[in-house]
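Examination of the molecular architecture
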Amino acid sequence: MPRHDAPDRSSRRHEDPLSGRAVFVAPRRADRPHDEALQACPFCAGNEHLTPHEVLRSPADPAAPWMTRIIPNKYPFAEDLPPIGGGRREGGATHEAGVPAHGVHDVIIESPRHETSILSIDPSSWRASWGLTQDRLAACAGRRDLVWGLIFKNSGTSAGASLEHVHSQLVALDFLPPLVAASLSAAADLFARLIRQAERDRRVVATAGSLVAFVPPAPRQPMETWIMPRQPAPWFHAAGREEVEALADLTREVVARLDEASPGADYNWWLHQAPFAHASQARAVPEGWRWHLEIVPRITALAGFELGTGCHVSVATAEESARRLRRG
Ligand SMILES: [Zn+2]
Ligand SMILES: [Zn+2]
């Protein structure tokens, strides 16, 4: 008989009954090391024995020194559990005990050297790193037990990074977070309009290939920037090589400008895309929908008003933010 009860310290997902918000309870994450407590950085070349075995690396040739490694997170909040009885797990279930937090939770180590900023990575390795991350997301998208994935970066301690060695994370989950589900009800022409208005209001920060980086109309923080394609494209994992390279180049460019405007600013970014194709049949993705990357500098702290309302207060207008990032 299959065991449905997980070991004590495994991650579980609970749903807040008032807001529908999900909370991952992952007791093992309390064991996560912070830089000060470590003898050696587990992400530096030479210390690979301190991390789980990699799932992907760049370059692929194991004889060549690696430039990017993707490894399972040692302290995951979503765990890649074997399927129970070969079927789908109870992804949509919500009850008091929560459900097992099933999914993929990886770390993307973006340099073999102990760098703390993406700006220290040479542009061609940075492009390759994004290519590898896209490959991993595409592999997750092909799995029937997962419905959606997110790539995100926490850069700096106020952005939530526990290790300073430059890295991103990838999660793929068996449910669609309410925030993303809500964005699927956007009007078909919303994304095209966002770009048109950004051009009209001089909020475009930079462009590369088919991608545009602009300050959105309601930035939560000074210099918040979104990057998205000019044409409808629900999935980043299906983007062509040129588009992936353009994203690598634009993330560098925006972070470089942010760093000039506000030296050493911490930031988060995340890449939103539509539910995976096999899951989006159940959830219609509107025509015109686009994957996009949101970069949110951590200039001011999230406080009671933000947590209590989901609203934000920012000291800078969108136009002023764009001006600072455009360098005048
Ligand atoms: Zn390191
Ligand atoms: Zn978004």
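Note that this is a predicted model, so its numbers are computed, not measured.

**Here we look at the environment of Lys153**
In this structure, Lys153 sits in strand β7 (residues 148–155). The class of Lys153 is buried, set by a relative accessible area of 2%. Setting aside its immediate chain neighbours within four residues, Lys153 contacts Glu110, Ile118, Trp126, Val166, His167, Ser168, Tyr267, Asn268 and Trp269. Polar side-chain contacts of Lys153 include one of 2.7 Å to the side chain of Glu110.

**A word on the confidence of the model for the protein**
Summing up the model confidence of the protein, the mean pLDDT is 91 and the portion of residues at 70 or higher is 93%. Scored below 50 in pLDDT, residues 85–91 shows 17 contacts in the model against residues more than four places distant or in partner chains.

**Some details on the coordination of the zinc ion (ligand 2)**
Ligation of the zinc ion (ligand 2) by protein atoms is provided by His272 (ND1), His292 (NE2) and Glu294 (OE), these donors lying 1.9 to 2.1 Å from the ion. We note that the donor set of the zinc ion (ligand 2) lies within a single chain, spaced as H-x19-H-x1-E. Highlighted residues: His272 in strand β12 (residues 267–272) and Glu294 in strand β13 (residues 292–297), separated in sequence by 22 residues. A relative accessible area of 11% means that His272 is categorised as buried.

**Section: the coordination of the zinc ion (ligand 1)**
Distances from the zinc ion (ligand 1) to its protein donors, Cys41 (SG), Cys44 (SG), His114 (ND1) and His165 (ND1), fall within 2.1 to 2.3 Å. Along the chain, the residues that donate to the zinc ion (ligand 1) are spaced as C-x2-C-x69-H-x50-H. One end of the pair, His114, is in the loop between β6 (103–109) and α1 (123–141); the other, His165, is in the loop between β7 and β8 (167–173), and 51 residues separate them in sequence. Since its relative accessible area comes to 35%, His114 is described here as partly exposed.

**What about the environment of Ala181?**
Structurally, Ala181 can be placed in helix α2 (residues 178–183). For the pair formed by Ala181 and Tyr75, sequence separation is 106 residues and the distance between their alpha carbons is 27 Å. Those residues within four positions of Ala181 in sequence are excluded, and the remaining contacts are Leu176 and Arg283.

**A few points about the domain arrangement of the protein**
If you check the domain split of the protein, you get domain 1 (12–179) and domain 2 (187–326). Computed over C-alpha atoms, the centres of domain 1 and domain 2 are 21 Å apart. Of the residues lining the interface, 33 residues belong to domain 1; the matching set on domain 2 comes to 30 residues. Carbon and sulfur atoms supply 62% of the area buried between domain 1 and domain 2, which totals about 2800 Å² over both sides. Considering only the surface of domain 1 that becomes buried against domain 2, Arg127, Trp130 and Gln134 emerge as the three largest contributors, covering 23% of it. For the pair domain 1 and domain 2, the interface holds two salt bridges. Counting residues per element, the side of domain 1 that touches domain 2 draws most heavily on α1, at 10 residues. Residue classes in the side of domain 1 that touches domain 2 are distributed as 20 nonpolar, eight polar and five charged.

**As for the packing of α1 against helix α4 (residues 241–261)**
Where α1 meets α4, the closest approach of the two axes is 9 Å, and the angle between their N-to-C directions is 125 degrees. The angle between α1 and α4 places the two elements in the oblique class. The crossing of α1 and α4 is right-handed. Residue-level contacts link Pro123, Trp126, Arg127, Trp130, Gly131 and Gln134 of α1 to Val244, Glu245, Leu247, Ala248, Asp249, Thr251 and Arg252 of α4. For the contact of α1 with α4, the per-class residue count stands at six nonpolar, three polar and four charged.

**Concerning the nonpolar core**
Core analysis: the largest hydrophobic core is formed by 46 residues, its most contacted members being Trp130, Ile227, Phe236, Leu247 and Trp269. Of all the elements, α4 adds the most residues to this core, at eight residues. Counting contributing residues, this core receives three or more from each of domain 1 (12–179) and domain 2 (187–326). Ignoring anything within four residues of it in the chain, the contact list for Trp269 reads Ile118, Trp126, Trp130, Ile151, Phe152, Lys153, Thr251, Val255, Leu293, Glu294 and Ile295. Leu176, Val180, Phe191 and Ile195 belong to the second-largest nonpolar core, a separate cluster that totals 27 residues.

**Here we look at the sheet that holds strand β2 (residues 22–25)**
The strand order across the open sheet formed by three strands is β2-β1-β5, and the pairing between neighbours is antiparallel. Edge positions in the sheet fall to β2 and β5 (99–100), since each has one partner strand and no second. Bridge analysis of strand β1 (residues 12–15) against β2 gives four bridges, and the strand direction is antiparallel. Among the inter-strand pairings, Arg12 is bridged to a residue of β2, identified as Val25.

**With respect to the side chain of Glu294**
On the basis of relative accessible area, Glu294 is assigned to the buried category, the value being 6%. Of the polar contacts made by the side chain of Glu294, one reaches the side chain of His292; its length is 3.1 Å.

**Some remarks on the packing of aromatic side chains**
With the rule as written, the count across this model stands at 10 aromatic pairs. An aromatic cluster is defined as three or more aromatic residues linked by ring pairs; in this entry it consists of Trp126, Trp130, Phe236, Tyr267, Trp269 and Trp291. Lying over the aromatic face of Trp66, Arg69 brings its terminal NZ or CZ to 5.6 Å of the ring centre. One Lys or Arg, Lys153, reaches over the ring of Trp269 and ends 5.5 Å from the middle of that ring.

What counts, and at which threshold
- Residues numbered from 1 in each chain as written.
- Chains lettered and ligands numbered in written order.
- Predicted model: local features only at pLDDT ≥ 70, side-chain atom pairs only at ≥ 80, totals over all residues.
- Heavy atoms only, no water.
- Helix = DSSP H or I, 4+ residues; strand = E, 2+ residues; numbered from the N terminus.
- Buried < 20%, exposed > 50% of the residue type's maximum accessible area, 1.4 Å probe, protein only.
- Contact = heavy atoms within 4.5 Å.
- Polar contact = N/O pair within 3.5 Å; in protein donor to acceptor, adjacent residues only side chain to side chain.
- pLDDT = per-residue confidence, 0-100.
- Donors = N, O, S within 2.8 Å, 3.2 Å for Na, K, Ca; no water.
- Domains from an automatic or database assignment.
- Buried area = accessible area lost by both parts, 1.4 Å probe.
- Salt bridge = Lys/Arg side-chain N within 4 Å of Asp/Glu carboxyl O.
- Nonpolar A, V, L, I, M, F, W, Y, C, P; charged D, E, K, R; others polar.
- Axes fitted to C-alpha atoms, helices over the stretch in contact; angles between N-to-C directions.
- Parallel < 35°, antiparallel > 145°, perpendicular 65-115°, else oblique.
- Left-handed = near helix turned anticlockwise from the far one by under 90°.
- Core = buried A, V, L, I, M, F, W, Y, C linked by side-chain atoms within 4.5 Å.
- Pairing = 2+ DSSP bridges.
- Phe/Tyr/Trp six-rings, centres within 6.5 Å; stacked < 30°, edge-to-face > 60°.
- Lys NZ or Arg CZ within 6 Å of the ring centre and 35° of its normal.

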